[in-house]
Amino acid sequence: MKPDPRVAILHLIGFFIIIFLETRIGWLTFIMLMFLVFYLTEASYRKVLYVTLLLLIPSVIILILNILFVSQDSDYLIVILIRFWGLAWLFNWFLYAVDPDLLTQALVSYKIPYKYAWQVSLAYRFLPMFQEESLQLYNAQISRGIPLDRGMISRLRFISSIIIPLVVMSQDKSNRFAEALTARDWDPDSPKAFLNPLKMEKNDWLWISSTIIIFLMIILL
Amino acid sequence: MSTYSKSSIKSLELRDFSISYSKHSNAISNAHFTFLQGKSYLLTGTTASGKSSLLRFLKGFIPLFYPATITGEILLNGSQISIEEFWEYQGCFGFLFQDPALQTVGSTVEKDLAFGLENKGFPSSHIQNRIMEISQELGIEELLERKTSTLSGGEISLVSLASILILNPPFLLLDEFAAFLDYPARKKVLRAIKSHQDEKHTVVIVSHQLEDTLDLVDEIIVMDKGEIVLHTARTQILEANYSILQNYLNLPEIFRLGIPLCEKQGVKPVFRSAKELYSLLRRENIE
Amino acid sequence: MNNLSYFNVGFYYNAGMPILKKISFEVLSSQIVGILGSNGSGKTTLLRLSNGLLKPTSGTIYLNQESIHKFKTSQLANRIHTTFQFSRLHFYCSSVNEEILQSLHFSRNKKENDHDLPSEILSLFSLLELQYRHPYSLSGGEQQRLSLAIAYASNADFFLFDEPTANIDRPSRLFLADFIIKLRNQGKGVLIASHDVEFQLNVCDKILVLNNGIIQFFGTPQEFLTSAEYLKHDFICIPEIYHFLELLEKDKTTSKLIENFFTLSSTSERLFLIEKSLEEIKS
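Residues numbered from 1 in each chain as written. Chains lettered and ligands numbered in written order. Predicted model: local features only at pLDDT ≥ 70, side-chain atom pairs only at ≥ 80, totals over all residues. Heavy atoms only, no water.

Chemist: In this structure, what is going on with the overall build of chain B? I would like to understand it.
Modeler: On a plain count of helices and strands, chain B comes out with 11 helices and 10 strands. Computed over the C-alpha atoms, the radius of gyration of chain B is 20 Å, within 12% of the 19 Å expected from 2.2 N^0.38 for a compact globule of 287 residues. Principal-axis analysis of the C-alpha atoms gives chain B an extent of 65 × 45 × 30 Å. When each of the 287 residues of chain B is scored for burial, the buried share is 59%. Carbon and sulfur atoms make up 48% of the accessible area of chain B, which amounts to about 11600 Å² in all. Between the centroid of the 28 positive side chains of chain B and the centroid of its 34 negative side chains there is a distance of 2 Å. (Helix = DSSP H or I, 4+ residues; strand = E, 2+ residues; numbered from the N terminus. Rg over C-alpha atoms; globule rule 2.2 N^0.38 Å. Buried < 20%, exposed > 50% of the residue type's maximum accessible area, 1.4 Å probe, protein only. Areas by Shrake-Rupley, 256 points an atom, 1.4 Å probe, with all protein chains shown as cover. Lys, Arg positive; Asp, Glu negative; His and termini not counted. Charge placed at Lys NZ, Arg CZ, Asp CG, Glu CD.)

Right, here's the structure in full:
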């Protein structure tokens, strides 16, 4: 069940703070698993599995760097890892749970000027487009014979065949998007209205109260 | 239907009009355009002929996104105005892109349609009414709840058309709109445009494909290298200089062969379909 | 003699409706096959299967009796080369010249010592004067010529084109048709996915009609036009000229007009044929 975007923002910020304040492994594990449950309610388990497996690589790197340069203390390392995984799940949940259009609306309701609120949701909107574009470029380049699909080394050697067009194209795309906005007579300073004003529903109050209860539990216990 | 633009454009004239992006070459050079309210125009020609530049200028993309030097006189409803004054009329122009997917800004169809009016600050009930009106006009009521990313090519073209028509611009500009659509989808979109066009709405279509746009317009303007090589009423297009048609246009074969056939038989080449050409030639033969 | 043969090729996305159902056909050297069909009929999917971007869920595609599925797409590219609808997706070098050199580098004829070859190719595509320009700075028509030059430099046996005629002007269209026919005359096989019926009928040796994932028709353009039932499909817009020929045929005693029309390629010859038959009807 998708929460109200305003609630989701509060939730995100609240737990972002908690996960850095909390140092007890037990509680951290509890929070981390909670994030996983949130994430699973929004995305398919395949997607969750895929994202989680992708996280293995950076987490190994983080682990090695910390062992080499910071500390070999096992408790410390576990805390670092839990925070990393927890945050990754938390942000992924947020990406799924909040519609970019509603995000603007939510930020505006928190008295953030429309101009900036819109920019945040714009960046957020461009993420999937970036992904789609790089896949298309990859397909086009291997189809003309650039050996991006023949192992890690040759992929790295020819990575410019994706990066360069991607930079050019994202510039192009953002220009086009600016044109599209102009075509709709968009003006960042003009008064705004919204088709569906945000309304808090029963399950949003549930979200808020559960967030507060967990918050209090962790602080008090 | 409500209009949102400040004023109406009864006639728009561009005299000795030039646009140049660099010092060396002109995108449009000393051309003369006249657009009248309630008429529809097909702007066609070779790739770099300046037709897109004209549309971009009208909607204000030039010089906002493309720095360029613009010279010439602008006559709006008969009186001369400066380029800066002309910008005030931007809201009168609705612009549709070649790739409709680039035009969507909302995540669902309903939100995408609402975007333009939300931006103008209209109350929610008004926006809702307009969405219903426009989606009924274009027959897309069933798409309203859909995510824009899941729409097919034909559907997204209709949605992006609706997203512009909802603002009810008196002047509609289509830049190679929906050029990638297949035949049935394209026919549907073009039909929607045709039924929207009336004495209050002016339409300018830029296209290479003549088969299906020819029927849609009143006048045809052919451009090459920034100059107008032909400006004629649709009904007279086939009587125009054949070499112009042959060189600059993707003329369907029926015209490529039909026009010289008519000329040899000494009949006026006034036909649009195989049947008309056939009866034209046969009648001549029977006599 | 090379051949690219499709044997019971089927494809569907995870738990979705099948996009292609058990398709079998063959493309030979010196043959141009045009795929017709509406959006979503599986044209693009068929091309993507043909160069290994997608793997069929059933069946096999063979290049000279050898399954293509054990190769990576980039390994296949110097034998089966694909040009996407948006040609600029293929560019990444800093100049037109370098794009050609890069393509020659990955091609099979490793004549890298042949210093004349790049400029030969550039002049073939009228790109010589543009050779130091950045690919992205070219106009639409020039970009398409560059993508054709890239394809040509790969020296593949089979060339696949996805919607090559979408939104191009008259000169580019003529250039494209000439180029594709030239490929055929050099013994290459060509597969074109497009809904531009007039282009397909004039250029292709075989027409393949895809509808709802099955092959509804596979044969020569003459057969395609003379088998009346296919004319009635509203998803394919038959060019008006063929309706005109049909009307003429009804008047005439011989019914070979459309077939004869096809054996002629130039406008003047076709014009002469129609005039002649008009006279026959008259007398």
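Chemist: Could you clarify how one ought to interpret empty space enclosed by the protein in this entry?
Modeler: A probe as big as a water molecule, rolled over the atoms, marks out the empty space that is left. The full count for this structure, using the stated rule, is six cavities of 30 Å³ or more. There is about 210 Å³ of room inside the largest cavity. Along the wall of the largest cavity there are 18 residues; nearest its centre are A:D101, A:Q105, A:F194, B:F115 and B:E118. Elements with a minimum of two residues in the lining of the largest cavity: α5 (100–109) and α6 (114–143) of chain A together with α4 (109–119) of chain B. The class makeup of the residues in the lining of the largest cavity is eight nonpolar, five polar and five charged. Space inside the second largest cavity adds up to approximately 70 Å³. Surrounding the second largest cavity, B:L174, B:E176, B:F177, B:A179, B:R186, B:L190, B:I193, B:I205, B:V206, B:S207, B:Q209 and B:T213 form its lining. Taken together, the elements giving at least two residues each to the lining of the second largest cavity come down to α7 (183–196) and β8 (202–206) of chain B. Counting residues per element, the lining of the second largest cavity draws most heavily on α7(B), at three residues. A class-by-class count of the residues in the lining of the second largest cavity yields seven nonpolar, three polar and two charged. (1 Å grid on protein atoms, 1.4 Å probe; cavity = no way out; pocket = protein on both sides within 12 Å on 5 of 7 lines; lining within 4 Å. Points joined across faces, edges and corners; volume = space filled by probe spheres on them. Nonpolar A, V, L, I, M, F, W, Y, C, P; charged D, E, K, R; others polar.)

Chemist: What am I meant to see in the sheet that holds strand β3 (residues 40–45) of chain B here?
Modeler: Each strand in a sheet pairs with its neighbour through backbone hydrogen bonds, running either in the same direction (parallel) or in the opposite one (antiparallel). Residue and element names in this part refer to chain B. One open sheet accounts for six strands, arranged β6-β7-β8-β3-β9-β10; its pairing is mixed. This sheet does not close on itself; its edge strands, each paired only once, are β6 (93–96) and β10 (227–233). Within this sheet the neighbouring strands show an average axis-to-axis angle of 15 degrees, counted without direction. Here four bridges tie β6 to strand β7 (residues 171–175), and the two strands are oriented parallel to one another. Residue pairing for β7: F95 is matched across the bridge by L173. (Pairing = 2+ DSSP bridges. Axes fitted to C-alpha atoms, helices over the stretch in contact; angles between N-to-C directions.)

Chemist: I keep staring at the pattern of salt bridges and nothing clicks. Help me out?
Modeler: Any two side chains of opposite charge can pair if their charged atoms end up close together. One pass over the structure, following the stated rule, counts 21 salt bridges over all chains. The partner of A:R176 in a salt bridge is A:E179, and the shortest N-O contact between them spans 3.9 Å. Placement of the pair is A:R176 and A:E179 together in helix α8 (residues 160–183), with a separation of three residues, close to one helical turn. Overall, A:E179 belongs to the buried group, its relative accessible area being 3%. Residue C:K43 pairs with C:E163 through a salt bridge whose shortest N-O separation is 3.6 Å. In this pair, C:K43 is assigned in helix α1 (residues 43–50) and C:E163 in the loop between β7 (158–162) and α6 (170–185), connecting sequence segments 120 residues apart. Of the two residues, C:K43 and C:E163, both sit in the buried class. When salt bridges with common partners are traced through the structure, they connect A:D185, B:K59 and B:K120 into a single cluster. (Salt bridge = Lys/Arg side-chain N within 4 Å of Asp/Glu carboxyl O.)

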